[in-house]
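Spelled out from the first residue to the last, the chains are:
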Amino acid sequence: TAVKLYHQPQPDHIAKLQHLLDSGLSRRLPAAICAPASLVTDKHGHVIGFQMPRLPSGSFPIKKLASLTFRKQQGITATAVLALFQHLHATLTNLHQLGVIVGDLNDQNIFLTPAQPFAAHWIDVDSYQIGRYPCPVAMEFFVDPHLYGIGDFGQRPYFSPATDWYAFFVLLVRSLLGVHPYGGVHHQHKTLAARATGGVSILHPDVVYPATAVRPTALPPDLRQHLLDVFENGQRPPF
């Protein structure tokens with residue numbers, strides 16, 4: 001097992017962990033989730049962290065799939081990536097059915113086993129949005145633009161299944177094409193936030209597409225349409 005310790009344990013954080021364990025929810029989470037198994041206390045009995053399953057040896061963050069060089073070196077095909085994302089889709093659907101929102105879904109809190117077919121391990125479960133307990137953090141690369149302008153995500157629950165599916169789709173596009181949906185270069189909209197606000201995705205004709213990335217034409221027509229709907233038209237259809 002592994003133990004995660006907090007430098008500065010916060011009461012709200014600890015209350016969420018206690019709710020996860022006392023309600024039995026942590027035991028009902030999908031098998032892929034590295035859920036808290038027990039609380040860890042200091043010699044005074046104060047909660048300072050939690051115990052969880054340890055990642056298998058050689059596990060790597062899903063972020064590496066966005067490197068086409070890495071994919072080539074490891075012999076990882078698009079078919080293998082799609083199979084993985086079907087499993088991730090099932091896990092995320094299961095979480096939502098349990099009333100759990102990931103919130104800060106990003107490419108550094110899902111780890112993969114080195115051998116194919118990949119098994120996924122979801123970490124940082126203590127930041128998940130659970131009931132009245134918010135997810136206090138978000139990574140700009142993956143946060144839904146509909147949430148732009150929120151200064152403190154820890155104030156209340158802001159995330160939803162729709163924001164999770166937005167982040168999921170960003171992960172999928174990056175893993176298949178090697179570029180963010182708002183990647184490449186646009187001479188007017190120069191930041192990710194500007195691109196997202198303006199609805200200028202990699203499909204836009206004025207975007208200089210990265211030479212090293214897989215072309216969007218490699219995606220099936222329904223995925224290209226979904227990309228257009230989400231990243232240019234601001235829609236949030238079910239994935």
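Scroll up to find the structure this text is about.
Structure report, in brief. (Residues numbered from 1 in each chain as written. Predicted model: local features only at pLDDT ≥ 70, side-chain atom pairs only at ≥ 80, totals over all residues. Heavy atoms only, no water.)

## Some words on the overall build of the protein chain
In terms of helices and strands, the protein chain carries seven helices and eight strands. Relative to the compact-globule value of 18 Å for 239 residues, the protein chain shows a C-alpha radius of gyration of 19 Å, a close match. Burial statistics for the protein chain: of 239 residues in total, 47% are counted as buried. When the accessible surface of the protein chain is totalled, it reaches about 11,900 Å², and 54% of it is carbon and sulfur. (Helix = DSSP H or I, 4+ residues; strand = E, 2+ residues; numbered from the N terminus. Rg over C-alpha atoms; globule rule 2.2 N^0.38 Å. Buried < 20%, exposed > 50% of the residue type's maximum accessible area, 1.4 Å probe, protein only. Areas by Shrake-Rupley, 256 points an atom, 1.4 Å probe, with all protein chains shown as cover.)

## Things to note about empty space enclosed by the protein
In this approach, a probe sized like a water molecule rolls over the atoms, and the result shows the empty space that is left. Throughout the structure, instances matching the rule amount to one cavity of 30 Å³ or more. Along the walls of the largest cavity sit Gly103, Asp104, Leu105, Ala138, Met139, Phe142, Val143 and Phe159, which together make up its complete lining. Class assignment of the residues belonging to the lining of the largest cavity gives a composition of six nonpolar, one polar and one charged. (1 Å grid on protein atoms, 1.4 Å probe; cavity = no way out; pocket = protein on both sides within 12 Å on 5 of 7 lines; lining within 4 Å. Points joined across faces, edges and corners; volume = space filled by probe spheres on them. Nonpolar A, V, L, I, M, F, W, Y, C, P; charged D, E, K, R; others polar.)

## Quick look at the layout of surface pockets
What the largest pocket holds in volume is close to 260 Å³. Looking at the largest pocket, the residues that line it are Gln10, Pro11, Asp12, His13, Ala15, Lys16, Arg132, Tyr133, Pro134, Pro136 and Gly154.

## Quick word on the sheet that holds strand 6 (residues 110-112)
With antiparallel pairing, the three strands of this open sheet are ordered in space as 4-6-7. Two strands in the sheet have a free side with no partner beyond their single neighbour: strand 4 (60-61) and strand 7 (120-122). Alignment of strand 4 against strand 6, held across two bridges, turns out to be antiparallel. What sits directly across from Pro61, in strand 6, is Phe111. Where helix 4 (residues 78-97) meets the sheet, it contacts strand 6 and strand 7, and its direction lies at approximately 35° from that of strand 7. (Pairing = 2+ DSSP bridges. Contact = heavy atoms within 4.5 Å. Axes fitted to C-alpha atoms, helices over the stretch in contact; angles between N-to-C directions.)

## Thoughts on the pattern of salt bridges
By the definition in use, this model includes four salt bridges. Salt bridges here are not isolated pairs; linked through shared partners, they connect Lys4, Asp124 and Asp126. (Salt bridge = Lys/Arg side-chain N within 4 Å of Asp/Glu carboxyl O.)

## Some thoughts on the sheet that holds strand 1 (residues 2-5)
Pairing within the open sheet is antiparallel, and its three strands lie in the order 1-3-2. Among the strands making up the open sheet, the edge pair consists of strand 1 and strand 2 (38-41). Going across the sheet, the axis of each strand differs from the next one's by a mean of 35°, ignoring polarity. Where strand 2 lies against strand 3 (residues 47-52), four bridges are found, and the strand directions are antiparallel. Along strand 3, the bridge assignment pairs Thr41 with Val47.

## Describing the environment of Ala115
Tracing the backbone shows Ala115 in the loop between strand 6 and strand 7. Residue classification places Ala115 among the partly exposed residues on the basis of a relative accessible area of 49%. The spacing of Ala115 and Gln74 is 41 residues in sequence and 9.7 Å in space, taken between C-alpha atoms.

## Here's the deal with helix 7 (residues 221-231)
In an α-helix, one turn spans 3.6 residues; hence positions three or four apart end up facing the same way. Within helix 7, the full set of buried residues consists of Leu223, His226, Leu227, Asp229, Val230 and Phe231. The arc that holds the buried residues of helix 7, viewed along the axis, is 165°, so those residues lie on one side. Check the buried side of helix 7 and you find it contacts helix 5 (161-177). (Arc of directions from axis to C-beta.)

By themselves, these observations are geometric and do not establish any function.
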